[in-house]
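Letter by letter, the chains look like this.
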Amino acid sequence: MKELYSDLIQERCVILGRHLVENRSTVRAVASQFAVSKSTVHKDVTQALKNVDHDLYEQVKKVLEINKSERHLRGGEATRKKYIGHA
């Protein structure tokens, strides 16, 4: 049973990682798409994936670094949208 659980986690982290890379998604977007928590996505793609598919892990790491560098821009846009109709 434990092996099956481990196999499912490995499969999930590859699926989440591929989606994140292919769509240049954020952790939040991937979590929403697959109905899992942001913590689960983050743990899967930053810890478990490293041991399952190292090449994919490196690609995910690059996308996460880009997302982190652009995070302030997305936050500013969200604030602008929030108040755009409240002039």
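If you're wondering where the values come from, they're calculated on a predicted model, not measured in any experiment. (Residues numbered from 1 in each chain as written. Predicted model: local features only at pLDDT ≥ 70, side-chain atom pairs only at ≥ 80, totals over all residues. Heavy atoms only, no water.)

Engineer: I'd like a rundown of the overall build of the chain, residues and numbers included.
Structural biologist: Scanning the chain from terminus to terminus reveals four helices and zero strands. Listed by position from the N terminus, the elements making up the chain come as α-α-α-α. The buried share of the chain, taken over its 87 residues, is 24%. The contacts of the chain with a sequence gap of at least 6 include a subset with a gap of at least 24, amounting to 56%. Carbon and sulfur atoms make up 52% of the accessible area of the chain, which totals about 6600 Å². (Helix = DSSP H or I, 4+ residues; strand = E, 2+ residues; numbered from the N terminus. Buried < 20%, exposed > 50% of the residue type's maximum accessible area, 1.4 Å probe, protein only. Contact = heavy atoms within 4.5 Å. Areas by Shrake-Rupley, 256 points an atom, 1.4 Å probe, with all protein chains shown as cover.)

Engineer: Please set out the pattern of salt bridges residue by residue, giving values where relevant.
Structural biologist: What the rule picks out here adds up to one salt bridge. Across the pair D44 and R12 runs a salt bridge, and its minimum N-O distance is 2.5 Å. You can see D44 sitting in helix α3 (residues 38–52) and its partner R12 sitting in helix α1 (residues 2–23), a full 32 residues away along the chain. (Salt bridge = Lys/Arg side-chain N within 4 Å of Asp/Glu carboxyl O.)

Engineer: Hey, could you go over α3 for me, with residue numbers and the actual values?
Structural biologist: Spanning 15 residues, α3 covers 20 Å between terminal C-alpha atoms, matching the ideal 21 Å at 1.5 Å per step. In the structure, α3 departs most strongly from a straight axis at D44, where the bend amounts to approximately 40°. Residues of α3 that are buried: V41, D44, V45 and L49. (Expected span 1.5 Å × (residues − 1). Bend = angle between axes of the 7 residues up to and from the residue.)

Engineer: Just give me the short version of the nonpolar core, but keep the residues and values in it.
Structural biologist: If you look at the biggest cluster of nonpolar residues, it comprises 16 residues, and the most contacted ones within it are L20, V41, V45, L49, L56, V60 and L64. Elements with a minimum of two residues in this core: α1, α2 (27–34), α3 and α4 (54–83). Other than its neighbours up to four places away in sequence, L20 contacts S25, V27, V30, V60, V63 and L64. (Core = buried A, V, L, I, M, F, W, Y, C linked by side-chain atoms within 4.5 Å.)

Engineer: Tell me about the confidence of the model for the chain, and name the residues and values.
Structural biologist: In low-pLDDT regions, the fine details of the predicted coordinates are not to be read closely. Residues with a pLDDT of 70 or more make up 87% of the chain, whose mean pLDDT is 88. Looking across the chain, the model is least confident in α4, with a mean pLDDT of 85, and most confident in α2, with 96. (pLDDT = per-residue confidence, 0-100.)

Engineer: Run through the environment of V21, naming residues and quoting values.
Structural biologist: Structurally, V21 can be placed in helix α1. Sequence-wise, V21 and V63 are 42 residues apart; in three dimensions their C-alpha atoms are separated by 6.5 Å. When near neighbours in sequence (up to four residues on either side) are disregarded, V21 contacts L56, Q59, V60 and V63.

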